[in-house]
Amino acid sequence: MSSERPPEAAPHADAPRATRAAIIAVGSEMLSSLRQDTNSLWLTARLEEVGISVVRKSIVADDPEAIGDEVSFAARCADLVVMTGGLGPTADDVTVAAVARRLDMPLSRNEDYVARMRERFARRGIRMPAVNEKQADFIVGARVLENPRGTAPGSWIARGGKEYVILPGVPSEMREIMEARVLPVLRERAGRIRASRRVLRVSGMGESAVEELVAPVYAKWKDDPVTILASPGEVQLHLRIVGEPEEAARRLDAMEADFRQALGQRVLSRDEDLASSVGRHLRESGLTVAVAESCTGGMIAKLLTDAPGSSDYFLGGLVAYSNAAKVEFLAVAEETLRSHGAVSEETARAMARGARERFGADLAVAVTGIAGPDGGTPEKPVGTVFFALARREGAEVARRREFNGDREVVRLAASLYALDLVRRAVADA
Ligand code: ATP
């Protein structure tokens, strides 16, 4: 095969480093509700590691015109196009022929490869069906990417200053070929350049509030992509720099410092989740904590005890769901419940005090609220949660929040908010 390779069609190890990639998933099944394209997630992570940014991802049907159009478009946005799927022997496997037609490159059957496929079938005691021969059709000049796990080989083509890597759709086959044949070349071309990442976790505020605070920092670092991701109770800022590791670390430090300045104490330690951050702060300060939970039903205790070694600082928790339990186990006064209701600041304060005393903890956090879907009132709609934090020396903090979302989202957001109150109380101590 290599002897008939025209020079311009072969990818060279010393070709310039690609910086922008497009990924195309070929397969009509991924346009239905039956299958998801997961290959592109894996590919994106691997390409980033070698300093290549994915600028476009798409899914196309097993249709030569659609594949051709997508290839043309992808090549306008990117210098490397990675395609997966449609390399099988059946009539709907048309990727290679579609790429050849669109790039105006001839196909030729590699008889050596046909013989090798026949041998593989023979070893399994099966006669190779004639349709499989099609899998030995390669674009003339392409580098053949052997597939040790299946019959569909990949190929790698250079054309018009762009490169095209065509891989099978079966995830395990696609990964193996990428790892063995493609990534080593891309890594070699990248030299010491790679993408370095840092994740800053921001707690206690929503996505739009975070965006507002960091808008000037965004503007300052506009050439370096920052992704903002929201999940219940937490917003993550993903900082990413492509370059040599030392230079990337310097720039990430500078970016992180700017974001921390804009967000202050709301930034948890980087790359650490809220429960671990609370745990670390408690351990470092030698303080202990207890919890009193109503609507979160034990979720705060669960999050706190997810961290190994949490017995150093977590003394225990009480799930006091009924009024009677709040009175009996947390010493909440019946009068407080009668005049303010179970979901109120006063009850939350009394629960926190009760839990702190009962467990003999330095701090206690309490939560009472309406997780829904029923139980809301005009003054206290579904999602209303009261929090209180009691300290040994008597100082208390109380907060009211209204969370949006279904029961699970409200419970998780409330649990994380409670943890954040503890984190801030310890950081202030
Ligand atoms: P083969 O002939 O070895 O099956 P192929 O390239 O023709 O290879 P497809 O027929 O397109 O692969 O897909 C084979 C399997 O891989 C299917 O189960 C399909 O759902 C899965 N698959 C294909 N593309 C993807 C993708 N992008 N993400 C996840 N799974 C995929």
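Presented here is an overview of the structure given in this document. Counting restarts for each chain: residues are numbered from 1 in the order of the written sequence. In view of the model being predicted, local features appear only for residues whose pLDDT reaches at least 70, and side-chain atom pairs are presented and counted only at 80 or more, with totals across whole chains, interfaces and linings using the full set of residues. Hydrogen atoms and water are omitted, and side-chain values are computed over all heavy atoms in the structure.

A word on the overall build of the protein chain. Working definition: helices are DSSP H or I runs of at least four residues, strands are E runs of at least two. Numbering for both runs from the N terminus. What the protein chain contains, in helices and strands, is 13 helices and 16 strands. Here the globule rule is a power law, 2.2 Å times the number of residues to the power 0.38, and the radius of gyration is based on C-alpha atoms. On C-alpha atoms alone, the protein chain measures out to a radius of gyration of 29 Å, which is more than a quarter above the 22 Å that the 2.2 N^0.38 rule sets for 429 residues. Expressed along its principal axes, the backbone C-alpha trace of the protein chain runs to roughly 90 × 50 × 40 Å. The rule is simple: take the accessible area with a 1.4 Å probe, protein chains only, and divide by the maximum for that residue type; under 20% is buried, over 50% is exposed, in between is partly exposed. Out of the 429 residues in the protein chain, the part that is buried amounts to 50%. Taking as baseline every contact in the protein chain between residues at least 6 positions apart, the subset at least 24 positions apart corresponds to 68%. Here the protein chain has roughly 19,900 Å² of accessible surface; of this, 50% comes from carbon and sulfur atoms. Asp and Glu are treated as the negative residues and Lys and Arg as the positive ones, with His and the ends of the chain left uncounted. To locate a charge, take NZ of a lysine, CZ of an arginine, CG of an aspartate or CD of a glutamate. Here the protein chain carries 58 positive and 62 negative side-chain charges, and the mean point of each set is 2 Å from the other. We call two residues contacting when some pair of their heavy atoms lies within 4.5 Å. Method for areas: the Shrake-Rupley scheme with a 1.4 Å probe, in which residue coverage is limited to the protein chains shown.

Once that is clear, we can look at the packing of helix 2 (residues 64–77) against helix 3 (residues 95–103). A pair of packed helices is captured by two measures, namely the crossing angle of their axes and the spacing between those axes. Axes here mean lines fitted to C-alpha atoms, for a helix over just the part in contact, with angles spanning 0 to 180 degrees between N-to-C directions. Contact geometry for helix 2 and helix 3: axes closest at 9 Å, N-to-C directions at 55°. Of the possible angle classes, the one that applies to helix 2 and helix 3 is oblique. When you trace helix 2 past helix 3, the crossing you get is right-handed. On helix 3, the residues that touch Pro-64, Glu-65, Ile-67, Gly-68, Asp-69, Val-71 and Ser-72 of helix 2 are Thr-95, Ala-98, Val-99, Arg-101, Arg-102 and Leu-103. By residue class, the composition of the contact of helix 2 with helix 3 is six nonpolar, three polar and four charged. Should an angle lie under 35 degrees it is considered roughly parallel, over 145 roughly antiparallel, and from 65 to 115 roughly perpendicular; all remaining angles are considered oblique. By convention the crossing between two helices is left-handed if the near helix lies anticlockwise of the far one by an angle smaller than a right angle, and right-handed if it lies clockwise. Classes in brief: Ala, Val, Leu, Ile, Met, Phe, Trp, Tyr, Cys and Pro nonpolar; Asp, Glu, Lys and Arg charged; the others, Gly included, polar.

Relative to strand 16 (residues 396–402), strand 15 (residues 384–391) is paired through seven bridges, and the arrangement is antiparallel. Note that in strand 16 the partner of Val-385 across the bridge is Arg-401. Criterion used throughout: strands pair if DSSP finds at least two bridges between them. Hairpin connection, strand 15 to strand 16: the antiparallel pair is bridged by four residues, and Gly-394 has positive phi, about 105°.

Definition of nearness: a residue and a molecule or strand are near each other if at least one heavy atom of the residue lies within 4 Å of the molecule or strand. In the neighbourhood of the ligand, 19 residues make up the surrounding shell, with Arg-35, Asp-37, Thr-38, Gly-88 and Gly-169 lying closest. For the ligand, an oxygen atom lies 3.0 Å from a polar atom in the backbone of Leu-87. Definition of a polar contact: a pair of N or O atoms within 3.5 Å, with one able to donate and the other able to accept a hydrogen when the atoms are protein atoms, and with sequence-neighbouring residues admitted only if both atoms are side-chain atoms. One of the backbone nitrogen or oxygen atoms of Val-170 is found 3.5 Å away from an oxygen atom of the ligand. For the ligand, whose free accessible area comes to 610 Å², the fraction covered by protein is 80%.

So, about the sheet that holds strand 2 (residues 53–60). Read from one edge of the open sheet, six strands run 2-1-3-8-7-6, paired in mixed fashion. Each edge of the sheet is formed by a strand with only one pairing partner; in this case those strands are strand 2 and strand 6 (143–145). Here the average twist between neighbouring strands, direction ignored, is 15°. Pairing of strand 6 with strand 7 (residues 154–159) involves three bridges; the strand directions are antiparallel.

What follows is about the environment of Ile-241. Structurally, the position occupied by Ile-241 is in strand 11 (residues 234–243). Once the C-alpha coordinates of Ile-241 and Ala-195 are considered, the two residues, 46 residues apart in sequence, prove to be 5.5 Å apart. Excluding anything up to four places from it in sequence, Ile-241 contacts Arg-194, Ala-195, Ser-196, Asp-224, Ala-248, Arg-251, Leu-252 and Met-255.

Another aspect to go through is the nonpolar core. One recurring pattern in soluble globular proteins is that nonpolar side chains are buried together. The criterion is simple. A nonpolar core is a set of buried Ala, Val, Leu, Ile, Met, Phe, Trp, Tyr and Cys residues joined through side-chain atoms within 4.5 Å. Counting residues in each nonpolar core, the largest one holds 34 residues, and the members touching the most others are Phe-387, Leu-419 and Val-422. Where this core is concerned, the elements lending two or more residues are helix 8 (274–285), strand 12 (289–293), helix 9 (299–305), strand 14 (363–369), strand 15 and helix 13 (407–428). When residues no more than four places from it in sequence are discounted, the contact partners of Leu-419 are Leu-274, Ala-275, Val-278, Ile-300, Leu-303 and Leu-304. Ala-98, Leu-103, Ala-152 and Ile-157 belong to the second largest nonpolar core, which has 25 residues in total.

Before going further, it helps to examine the sheet that holds strand 10 (residues 226–231). Sheet architecture is open: three strands sit in the order 9-11-10, paired in antiparallel fashion. Looking along the sheet, the strands with just one partner apiece sit at the ends: strand 9 (194–203) and strand 10. Taken pair by pair, the neighbouring strands of this sheet meet at an average axis angle of 20°, ignoring direction. Across the sheet, helix 6 (residues 207–220) is in contact with strand 9, strand 10 and strand 11; its angle to strand 10 comes to roughly 170°.

Note on aromatic pairs: the rings of Phe, Tyr and Trp (six-membered ring only in Trp) are paired at centre separations within 6.5 Å, and the planes decide the class, stacked below 30 degrees, edge-to-face beyond 60, tilted for the rest. Within this structure, the stated rule accounts for five aromatic pairs. Aromatic side chains Phe-387 and Phe-403 sit 6.2 Å apart centroid to centroid with 85° between the ring planes, which places their arrangement in the edge-to-face category. Taken together, the positions of Phe-387 in strand 15 and Phe-403 in the loop between strand 16 and helix 13 put the pair 16 residues apart, joining distant regions of the chain. The buried category is assigned to Phe-387, whose relative accessible area is 0%. On the accessibility criterion, Phe-403 (15% relative accessible area) is buried. Measuring from ring centre to ring centre gives 6.3 Å for Phe-403 and Tyr-417, while their planes differ by 65°; the resulting arrangement is edge-to-face. A residue pair is termed long-range when its members are at least 10 positions apart, and Phe-403 in the loop between strand 16 and helix 13 and Tyr-417 in helix 13 qualify at 14 residues. Owing to a relative accessible area of 10%, Tyr-417 belongs among the buried residues under this scheme. An aromatic cluster is present here, built from Phe-387, Phe-403 and Tyr-417 joined pairwise through their rings. The ring of Phe-121 has Arg-124 lying over it, and the distance from NZ or CZ to the ring centre is 5.3 Å. The ring of Trp-156 has Arg-143 lying over it, and the distance from NZ or CZ to the ring centre is 5.4 Å. For a lysine, the NZ atom is tested; for an arginine, the CZ atom; a charge sits over a ring if that atom is within 6 Å of the ring centre and within 35 degrees of the ring normal.

Any carboxyl oxygen of Asp or Glu within 4 Å of a side-chain nitrogen of Lys or Arg constitutes a salt bridge here. Counted according to the given criterion, the structure contains 34 salt bridges. Here Arg-198 ties to Glu-256 by a salt bridge, and the two come within 2.9 Å at their closest N and O atoms. Residue Arg-198 is found in strand 9, and its partner Glu-256 is found in helix 7 (residues 245–263); the two are separated by 58 residues along the sequence. Each member of the pair, Arg-198 as well as Glu-256, is classed as buried. With its nearest N and O atoms 2.9 Å apart, the salt bridge here joins Asp-306 to Lys-302. By relative accessible area, which is 45% here, Asp-306 ends up partly exposed. Residue classification places Lys-302 among the partly exposed positions, given a relative accessible area of 47%. Through salt bridges with shared partners, a single ionic network connects Glu-65, Asp-69, Arg-101 and Arg-102.

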